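In case you want the letters, here they are:
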Amino acid sequence: MSKRAVEPQTSVERTALYRTLAHPLRGRILQHLGANAEANSTTLAGLLGESTGTTSYHLRKLAESKLIEEIPEKSQGRERWWRAIPFSHTMPDPASMQPEEYAAAKQLAELKINADIDRYVRANQEWTGPDGWAQVQRHGTYMTHEELLAFMDEYMALLEKYGHPLRTDAPDGARPMAIRLFAVPDEQ
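Everything numeric here is computed off the predicted structure, so don't read it as measured data.

A. Seen up close, the confidence of the model for the protein. Residues of the protein with pLDDT of at least 70 account for 95%, and the chain-wide mean is 89. In the predicted structure, residues 1-5 sits below a pLDDT of 50 and forms 17 contacts with residues beyond four places in sequence or in another chain.

B. Looking closely at the packing of aromatic side chains. By the definition in use, this model includes 0 aromatic pairs. For the cation-ring pair, Lys 74 lies above Trp 81, with the distance from its terminal atom to the ring centre recorded as 4.1 Å. Over the ring of Trp 133 we find Arg 175, and its NZ or CZ is 4.7 Å from the ring centre.

C. Layout of the pattern of salt bridges. Tallied over the full model, the rule gives 11 salt bridges. For Glu 38, the salt bridge is made with Lys 74, and the minimal N-O distance between the two is 2.1 Å. Remark: Lys 74 occurs in the loop between β2 (68-70) and β3 (81-84) and Glu 38 occurs in the loop between α2 (24-36) and β1 (39-40); sequence separation between them is 36 residues. For Lys 74, a relative accessible area of 33% corresponds to the partly exposed category. With its nearest N and O atoms 2.9 Å apart, the salt bridge here joins Asp 116 to Arg 119. On the criterion of helical spacing, the pair formed by Asp 116 and Arg 119 is a turn pair, its members being 3 residues apart in helix α5 (residues 99-125). Taking relative accessible area as the criterion, Asp 116 reaches 25% and is therefore assigned partly exposed.

Scoring rules and cut-offs
- Residues numbered from 1 in each chain as written.
- Predicted model: local features only at pLDDT ≥ 70, side-chain atom pairs only at ≥ 80, totals over all residues.
- Heavy atoms only, no water.
- pLDDT = per-residue confidence, 0-100.
- Contact = heavy atoms within 4.5 Å.
- Phe/Tyr/Trp six-rings, centres within 6.5 Å; stacked < 30°, edge-to-face > 60°.
- Lys NZ or Arg CZ within 6 Å of the ring centre and 35° of its normal.
- Salt bridge = Lys/Arg side-chain N within 4 Å of Asp/Glu carboxyl O.
- Helix = DSSP H or I, 4+ residues; strand = E, 2+ residues; numbered from the N terminus.
- Buried < 20%, exposed > 50% of the residue type's maximum accessible area, 1.4 Å probe, protein only.

Structural data, given as structure tokens:
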């Protein structure tokens, strides 16, 4: 399986990526591929209550954005099998975005915010103590800008050290985890 190289993207490429990720059915397809390693359009159509034509179309759109790839050794004729590709992306400074890119990024952010609020509520409801699967932490501290950037670098290094981007890379007993971190100066 290939791992997507971190390459600079143009505004047009980022706009297409944000629009792709903001589509609800594509999000469900990505979730399924992340949890189940592989699927074809027929399997996805049955699971998601869609036609094979619809799932085929959205699989191609995900592939165009390099979020999934075909499994050539498993695909035969018109039956194509797909798997997720490990992916990470950091949005650029909104001030540097073209108007269409900013609109697409905003739409994606709004979709993610609603899902993240639901996850936060669940994490609080499923809290069983410091040794449970659901963990919730809230902290306030003082940092310089340089310390904040160093903290974020170390946070990303921890995710790489302990995380497994795909189920196929994860050890037995691993569960998919939604981890969110945001840091913002408090209002004074």
